[in-house]
Every structure is written in structure tokens, then in C-alpha cells.
Amino acid sequence: MRLGRDGIAGLIGLAVSLLLLPHALGLPKLPIVPVGPGFYPTIVLVFMALTSGLLLLQDIRAQRQPAAAPVADATPAVPRAYGLVAAAFAAVAIYIALLPLIGFRIATVLFVTAFQVILELPRTLRAWLQMAAIAVGTSAVTYVVFNNYLLVLLPRGVWTGW
Amino acid sequence: MLELLANAIVAILHWKYMVPLMAGTFAGVIGGSLPGVTITMTVIVILPFTYGLDPLAGLAAMTGVYVGGSTGGLITCCLLGIPGSPASIATTFDGFPMARNGEPGRAIWLGVWASVWGGLLGALCLVFLTGPLAAIALEFGPWEYFSLFVLAMAMVAGLTEASLVKGLMSTAIGLFVTVVGTDPIASVPRFTFGSEFIGGGFPFLPVLIGIFAFAQIMTDIERMRDPNRAGLSVGRVQFERFSHLKVNWEIIRQPFLLAWATIVGLIIGILPAIGGSASSVMAYDQAKKFSKTPDKFGKGHPEGIIASEASNNANVSGSLMTIMAFGIPGDAVTAVMLGAMTIHGIQSGPLFISQNPSLSYGIYAAYILAHPLMLLICIAFMPLMLRVTSVRLSVLAPIVLVLCVIGAYALNNTMQSVYVLLMFGVFGYVLVKAGFPLAPLILGLILGDQIELNLIRSIMTDSNLWLFVTRPISGGLLAAAALSIALAIWQHLRHQKRLTGEEDADF
């Protein structure tokens, strides 16, 4: 049996809710409160299991129905740059990992530079300079505004002390 | 009441509040005018700047963003045919044809002035009706609150375009996120599995920022290779000669249209989490139905622009009424405002106005003053706004992400919130790709704790569960929730069609 996108989502939701349900039911009862701390999570998980199950059933039903014939003049699908999305997520994850190590100022310059390069590689020297200026400017302006005026102590790097 | 309002207006005129209000309104107009940057995103970007401010100054800045963003979206609507923000979607139907007919100035300024008129009419209702609404809410017990929250979630899940089941499942996910951590009555750890990281639960704002900002930015990045999006710029548009007086006359001479669009926007705003895009489309639809010249709609008809823009700004006042009277966010922007209030230790709800008169009247004043400010900003900075619409995503995205990271970090100056931000950023994007609407999830996140508290309180007061149904208001609210779900099922069955390919993200 093949499952579509909704079916897989429903199956994951159902599995997660059924796995967590015993934990909710096993939470201790308290003498002072008529319902224990597990009462409400149980309702939520049952609700999640029901909706997930329904989504799964809907998808199974849809998969069994014969597929509609392709429309001849259908508009072409928009090209999706999933590689860029993966690279963008990786850049954010590395930035967050580096923040406590090399500090906000250096990490932000590197992150803004890398992110711009990932999305749009500069072709000329002017474009590279512009990109560097944006990276340094973002780091400097946010640091000065937040650290000096809004009293947010942005992370300092344990490796750099800066 | 009027004396309090006058005092609040005088107070807001002090630079301490005026500067954040002006900055917020400016950011809102700019953010609204950027296609792909929603008002929610703009308010998220502004959020970290408000942590260190006085609560009223922070809320004034966010109110400014909300008002400015509701108007800013019309610029690209009229000039590019792309809504700068979802709240302006219906402005595109007539604004773009009018601009193409050689009247871009008339199209934009009709929209700006209609926003001002609609917003100020909405302000009248905000000032005079929020108090009575809060008085009604004061009569509510935990049963009524529980049922009201259930109604809010049922309405939001039922109104999602993708699928009712997905809307409900999204709500369930949002509710589940709130039960992770310690329970609100006896502080028993739930679903923490001994982890210190999630021991205190997931902080609301990093979760919200992660889900909204990442889902949106990553969806935009995903479409960077779309040839239809390349080269869109309005930086060199030339306005024709036009008169502001004439534009205003065009609006005022149709008082019924203006009043009806305002009422539609207000009602949609009061209803939880429906948002500006629905109000704009519904007001447009109503204007077309009542018009003497419905055949002109879609061809550059001023009535279409007036209805859409008056409605989406009145929608803001409706959302503010709901948050101040009931403590329920009208949409994602007010959800962020609610989160910001919590950071400052302010509890929104029916007692908000009586316990915080200077703050509540300050919000009214900020909302009223944001309109003339927005008008002045549009007049003074229109050329700049036209240039800003051509800022590349490769520049905008990293800056927004840095501000999101600061927004999460600054909550308690620890990296823990930043890790939560990233975790929910990935989760939000996955949900969007799986076709799940985010609005029900956010509402579940916001209301989860309150639903549990009111449910436990009601059972602790009286263990008879039938009271939820037999108490008239509670029963009525639950019946309305059931009706809302039934209507959604009926509507989905009627319009049932197999969706092929990927749907657009439903933010």
C-alpha cells in the first residue's frame, strides 16, 4: 500500500501520539486536585491521534481512487530550490553553534557573508565589497543598538573573548 | 473615558513613546511594502528592540507596525500586482488595473487615504466598544473561557484553506507543545524525559518566531529560481499628477461603502485569528455585491480599493479589541503582542483595561496617532518605499534571521531560546511543506495553557462536566464551535476537489 504526503504525516502524528499516551496516563495523581497532571495531555493526545488517524484514512481513500488524467494546458510547476533551503538551514545552524564560541560580532559577519554567497554569488569586485559592507554593517549596527542602548548582552565568544 | 483618552494622546506625544511609535509605523510601512515580508514578520523583527523599552513604548511600536504594515502592502499591490502583505490581497484586484491604466498615484493614494479613514472609524469602535466587551467577558467563569477558546480554535481550524483535518491536527500539535514542561497546578514534569533543555517547557516567543519567520523565509528562498519573480521592481515608477483632495472626496462621497467595509473589517478582526486577508477579500466581495456598477470591479474601480484598504485597517482595531477584552489574539501579530505583554508581566484579558488604564488608553492613543503618522510617512518617504521594494532576498533574509536570533536570545540572555528557535524553525518549514496551516498551530500554542487552566479550575469548582453544556453562555459557545466545524465540513464537501501539486504556504 502506497501512502501520499498526508498519509505519511498522519502516520507520524498517530505514532507520536500513541507513543506518548502511556506517559500521559502514567503521570501521578494528586490528592488535592480532582484531575491529575495527565488529564489534559491525555485529551490533547487523543485529539491528536484522532485527527492523525483521520488524515491517514483520508489519504488511503484518496490513493485508492484512480488518478485524474493530466490536464494538457496545466501551468508549469515553479522550480523549487531545495538545495538552497538546505544550505540556508545549515548556515543558520552553524551560526547558532558558533555564537557562544566566537561571539556575536564575528559570527554575525561570517553568517551574513556566507548567507549572501549561498543565495547569490557576487560576480564583481563591487558586489563583493557591497556584500562585505552589509555583513559588517549588520553586525556593528545590531551590536551597538542592542548592547549599548537596549541592554541586551549579546553572546561573547569563549574562544575569542570578543 | 474621553478625558483618559485625551491624557493618553498627550502622553504618547512625548518623544519617549512617539519615537518608538514612529519607528514602528515606518518599519510597518516598509515591511508591508516588501513582497514576502508579512506584518507578522515585521513585528517579529521589531520585537527584540522592544524588550528594553517601557511596556507602553514597546506596544506603541508594535501597534505602529500593525497599522503601517496594513497599509504598506498596497504599494506593490498597485504597482506590481503582488500583495506586499496578505492583508492587501484584494487591493490588487483593482489597484493594479488602475495603475496599468496610467493612474498609479491615484491607486496608491486612494488606498492610503481609505486606510486612514477605515482605521480611524475602527478607532471609534476600539475606544467605545472594548470596555463593554471586557465587561461581558468579566461575567465569564472558567467554563465560558474554556468554551470560548474551543470556539476560537474550531473557527480557525475550520477556516483553513488546505484541509479541515489538517487544521485540527495543526491545532492539536500547538496544544501539545504547551503541555511539555511542568504542569501549571502542581509543577509535575510532563514529557521532559529528564531533559533539562525542555524541563521548563518551550518558551512561546522563540517557538512563534521560529515557526513563522523560518517557514516564510525558507519558502521564499525555495522560490528564488522562479523566473516570474525575477526582475520585479517598482523603483522607477512615475506618478501622474493627482490631487489629495480629490482622492479624499472620492472616498467620503461613498459613506455607506466606507462604513460597511469598516464594519466588515472590524468584525473579522474581533473573530479570533482570521486575519487581514480575509477581511480585505470579504469587504471587497461585499462592496461588489452592493455596488451600482459591479461590472467595473477588477478593471481599476476605486470602490474595490476603498473597500479592501478601509477594511484591513479596521481589522487591526478589531484584533486589538479581542486581545484587550478577552486576552485572545485576533491574529499572529496580536499573538506576538500578547507574548511581549507577558514578558513585561502584563496579563491581558477582561481586567486589563480596569487594572492598566494608562496602558490600555495608551494603546488606543497609539493606534489613533499611528494613522496620521503613517500618512505623513507615506507622503514623505514614498520614493524611498518604491526603492525598498527592490531589495534582494539575499540581503534581506540574513538580516531578518540575525534579528530573529537576537529576538530569541534577548528573552533571557541564554542560548537555550535560540536552540528552540532553530528547532521550531525546521519544524515549521516541514509543516508548511506537508501542507499544514500554521494559524491553528499558533492559536493552539497561545491558548493551550489557558485552556488547561480553565478546564482544571472548572472541574475543581464543580466536577459536573455537564456544566460546560448547561451554562447558557458556555453551551452557546460550544454549540457555535460545533456549528463552525459542521459548516467547514459542509463547505469542504461542497468544494471537494483533488488538490494536485504543492499548495502555497498558509501563513
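### What to know about the overall build of chain B
Thought 1: Each helix and strand counted, chain B has 22 helices and two strands in total.
Thought 2: For a compact globule of 507 residues, the expected C-alpha radius of gyration is about 23 Å, and chain B comes in at 22 Å, within 12% of that figure.
Thought 3: Judged by the C-alpha coordinates and their principal axes, chain B covers about 70 × 55 × 50 Å.
Thought 4: In chain B, buried positions account for 61% of the 507 residues.

### Examining the overall build of chain A
Thought 1: For chain A, the helix and strand inventory stands at five helices and zero strands.
Thought 2: Ordered by position from N to C terminus, the α and β elements of chain A give α-α-α-α-α.
Thought 3: Relative to the compact-globule value of 15 Å for 162 residues, chain A shows a C-alpha radius of gyration of 25 Å, a clear excess of over 25%.
Thought 4: Principal axes of the C-alpha set define a box for chain A whose edges measure 65 × 55 × 25 Å.
Thought 5: When the 162 residues of chain A are sorted by exposure, 31% land in the buried category.
Thought 6: For chain A, long-range pairs separated by at least 24 residues make up 68% of all intrachain contacts whose partners lie at least 6 apart in sequence.

### Points about the confidence of the model for chain B
Residues and elements named next belong to chain B.
Thought 1: When pLDDT is averaged across chain B, the result is 83; 92% of the residues are at 70 or more.
Thought 2: Of the regions scoring below 50 in pLDDT, residues 499–504 engages in three contacts with residues more than four places distant in sequence or in other chains.
Thought 3: Scored by ipTM, the complex comes to 0.92, with pTM at 0.81.

### Considerations on the domain arrangement of chain A
Thought 1: Taken domain by domain, chain A consists of domain 1 (5–64) and domain 2 (93–149).
Thought 2: When each unit is reduced to the centre of its C-alpha atoms, the spacing between domain 1 of chain A and domain 2 of chain A is 43 Å.

### Focus: the interface of chain A and chain B
Thought 1: Contacts between chain A and chain B engage 55 residues on the former and 54 residues on the latter.
Thought 2: When residues of the side of chain A that touches chain B are traced back to their parent elements, those giving at least two are helix H1 (5–25), helix H2 (39–64), helix H3 (82–102), helix H4 (104–119) and helix H5 (125–149) of chain A.
Thought 3: Counting residues per element, the side of chain A that touches chain B draws most heavily on H2(A), which supplies eleven residues.
Thought 4: Partitioned by chemical class, the residues of the side of chain A that touches chain B number 43 nonpolar, nine polar and three charged.

### Examining the environment of A:Ile60
All names here are of chain A.
Thought 1: As for its placement among the helices and strands, Ile60 is situated in helix H2.
Thought 2: On the neighbour-count criterion, Ile60 (16 C-beta atoms within 10 Å) is partly exposed.
Thought 3: The spatial distance from the C-alpha of Ile60 to the C-alpha of Asp6 is 9.2 Å, given a sequence separation of 54 residues.

### Quick notes on the environment of B:Phe49
Residue and element names in this part refer to chain B.
Thought 1: On the secondary structure map, Phe49 appears in helix H3 (residues 39–50).
Thought 2: For Phe49, a count of 25 C-beta atoms within 10 Å puts it in the buried group.
Thought 3: In the structure, Phe49 is positioned 29 residues away from Pro20 in sequence and 9.3 Å away in space, judged by C-alpha atoms.

### Some details on helix H18 (residues 393–409) of chain B
Because an α-helix completes one turn every 3.6 residues, residues spaced three or four positions apart along the sequence face the same direction.
Thought 1: Between its first and last C-alpha atoms H18(B) spans 24 Å; for 17 residues at 1.5 Å apiece the expected length is 24 Å, and the two agree.
Thought 2: The buried count for H18(B) comes to 14 of 17 residues, which makes it a mostly enclosed element.

### Some details on the packing of helix H7 (residues 104–138) of chain B against helix H12 (residues 255–270) of chain B
When two helices pack together, their arrangement is given by the angle between their axes and by how far apart the axes lie.
All names here are of chain B.
Thought 1: In the contact formed by H7 and H12, the axes pass within 9 Å of each other and the chain directions differ by 60°. Judged by the angle between their axes, H7 and H12 are oblique. Considering the relative orientation of H7 and H12, their crossing is right-handed. Within the contact between the two elements, H7 uses Trp117, Gly118, Leu121, Gly122 and Cys125 and H12 uses Leu258, Ala259, Ala261, Thr262, Gly265 and Leu266.
Thought 2: Tallied by class, the residues present in the contact of H7 with H12 amount to seven nonpolar, four polar and no charged.

### Let's talk about helix H10 (residues 204–222) of chain B
Thought 1: Over its 19 residues, H10(B) extends 27 Å from the first C-alpha to the last, a length consistent with the 27 Å expected when each residue adds 1.5 Å.
Thought 2: The buried fraction of H10(B) is high, at 17 of 19 residues.

### Let's talk about unusual backbone geometry
All names here are of chain B.
Thought 1: Unlike most non-glycine residues, Ser187 shows phi in positive territory, near 55°.
Thought 2: With respect to the helices, strands and loops of the structure, Ser187 is situated in the loop between strand S1 (181–182) and strand S2 (189–190).
Thought 3: Note on Ser187: 9 C-beta atoms within 10 Å, which makes it exposed.
Thought 4: Of note in the backbone geometry, Phe193 takes a positive phi value of approximately 50° without being a glycine.
Thought 5: Note that Phe193 resides in the loop between S2 and H10.

### Comments concerning the packing of helix H4 (residues 55–72) of chain B against helix H15 (residues 332–343) of chain B
Residue and element names in this part refer to chain B.
Thought 1: One way to put it is that H4 packs onto H15 with a least axis distance of 11 Å and a crossing angle of 175°. Regarding the angle of H4 to H15, the classification is roughly antiparallel. In contact with Gly58, Leu59, Met62 and Tyr66 of H4, H15 contributes Val333, Met337 and Ala340.
Thought 2: Classifying every residue of the contact of H4 with H15 gives six nonpolar, one polar and no charged.

### Considerations on the environment of A:Trp159
All names here are of chain A.
Thought 1: Topologically, Trp159 is positioned in the segment after H5.
Thought 2: The spacing of Trp159 and Leu98 is 61 residues in sequence and 9.9 Å in space, taken between C-alpha atoms.
Thought 3: What Trp159 contacts, discounting residues up to four positions off in sequence, is Leu101 and Ile102.

Reading the values: rules and limits
- Residues numbered from 1 in each chain as written.
- Chains lettered and ligands numbered in written order.
- Predicted model: local features only at pLDDT ≥ 70, side-chain atom pairs only at ≥ 80, totals over all residues.
- Helix = DSSP H or I, 4+ residues; strand = E, 2+ residues; numbered from the N terminus.
- Rg over C-alpha atoms; globule rule 2.2 N^0.38 Å.
- Buried ≥ 20, exposed ≤ 12 C-beta atoms within 10 Å, placed from the backbone.
- Contact = placed C-beta atoms within 7 Å.
- pLDDT = per-residue confidence, 0-100.
- Domains from an automatic or database assignment.
- Nonpolar A, V, L, I, M, F, W, Y, C, P; charged D, E, K, R; others polar.
- Expected span 1.5 Å × (residues − 1).
- Axes fitted to C-alpha atoms, helices over the stretch in contact; angles between N-to-C directions.
- Parallel < 35°, antiparallel > 145°, perpendicular 65-115°, else oblique.
- Left-handed = near helix turned anticlockwise from the far one by under 90°.

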